[in-house]
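Coordinate inspection notes
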Amino acid sequence: LQDIENKVRDLIEPYQVYLDAKQSNHEGELIDWIHEAEGKYHGIIFNPGAYTHTSIALRDAISSITVPVIEVHISNVHKRESFRHTSMLAPVCSGQIVGLDTKGYQLAAMYFLENN
């Protein structure tokens, strides 16, 4: 995780953009952070893991803010078990990046650099 954060920081540093990286396995904490992002951040790069396929609460949280969210997955979820093919979150996110390993985080950061 630290390597991913360092690569994103290295990418955005020349643009004088700040990365605030957070990680939690607790759905409620993720929801709180999403709500707190309103008015504070220009974008959220979000890897919701297995919550992707199950969490209506995270979907509602993303829907409740104007901050754009990009859903990122290291693996290609569409090549995995069929229950992983449906994201509860993708319809309310600005975009989704899957299967590009950790490079997806950098691509999401590049999107925000170019669109803010």
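Right, let's walk through the structure included here.

Cut-off values and rules
- Residues numbered from 1 in each chain as written.
- Predicted model: local features only at pLDDT ≥ 70, side-chain atom pairs only at ≥ 80, totals over all residues.
- Heavy atoms only, no water.
- Pairing = 2+ DSSP bridges.
- Helix = DSSP H or I, 4+ residues; strand = E, 2+ residues; numbered from the N terminus.
- Axes fitted to C-alpha atoms, helices over the stretch in contact; angles between N-to-C directions.
- Contact = heavy atoms within 4.5 Å.
- 1 Å grid on protein atoms, 1.4 Å probe; cavity = no way out; pocket = protein on both sides within 12 Å on 5 of 7 lines; lining within 4 Å.
- Points joined across faces, edges and corners; volume = space filled by probe spheres on them.
- Nonpolar A, V, L, I, M, F, W, Y, C, P; charged D, E, K, R; others polar.
- Expected span 1.5 Å × (residues − 1).
- Phe/Tyr/Trp six-rings, centres within 6.5 Å; stacked < 30°, edge-to-face > 60°.
- Buried < 20%, exposed > 50% of the residue type's maximum accessible area, 1.4 Å probe, protein only.
- Parallel < 35°, antiparallel > 145°, perpendicular 65-115°, else oblique.

1. Overview of the sheet that holds strand S1 (residues 44-46)
Strand order in the open sheet formed by three strands is S1-S2-S3, and the pairing between neighbours is parallel. Single-partner strands in this sheet number two, and they are S1 and strand S3 (95-98). Put simply, the sheet's adjacent strands are angled 20° from each other on average, direction ignored. Where S1 meets strand S2 (residues 69-73), three bridges bridge the pair, whose relative direction is parallel. What sits directly across from Ile-44, in S2, is Val-69. Along the sheet, helix H4 (residues 103-114) contacts S1, S2 and S3; its crossing angle with S2, the most-contacted strand, is approximately 165°.

2. Points about the layout of surface pockets
The computed volume of the largest pocket comes to approximately 1100 Å³. Contributing to the lining of the largest pocket are 34 residues, with Leu-19, Asp-20, Ala-21, Ile-44 and Ile-45 lying nearest its centre. Every element with two or more residues in the lining of the largest pocket is listed here: helix H1 (2-12), helix H2 (27-36), S1 and H4. When its residues are assigned to classes, the lining of the largest pocket shows 22 nonpolar, eight polar and four charged.

3. Some remarks on H4
Taking 1.5 Å of rise per residue, 12 residues should cover 16 Å, and H4 covers 17 Å from first to last C-alpha, within 8% of that figure. On its buried side, H4 packs onto H1, S1, S2 and S3.

4. Here we look at the packing of aromatic side chains
The tally for this structure, following the rule as stated, stands at one aromatic pair. On the basis of an interplanar angle of 70° and a centroid distance of 5.5 Å, the ring pair of Tyr-111 and Phe-112 is categorised as edge-to-face. Classification of Phe-112 as buried rests on a relative accessible area of 10%.

5. Side note on the packing of H2 against helix H3 (residues 56-63)
Any two packed helices are characterised by how steeply their axes cross, that is the angle between the axes, and by the distance between the axes. Contact geometry of H2 with H3 gives a least axis separation of 9 Å together with a crossing angle of 5°. When the interaxial angle is binned, H2 and H3 end up roughly parallel. Note on element contacts: H3 touches H2 through Ala-57, Leu-58, Ala-61 and Ile-62, opposite Glu-27, Leu-30, Ile-31, Ile-34 and His-35. Taken together, the residues of the contact of H2 with H3 break down into seven nonpolar, one polar and one charged.

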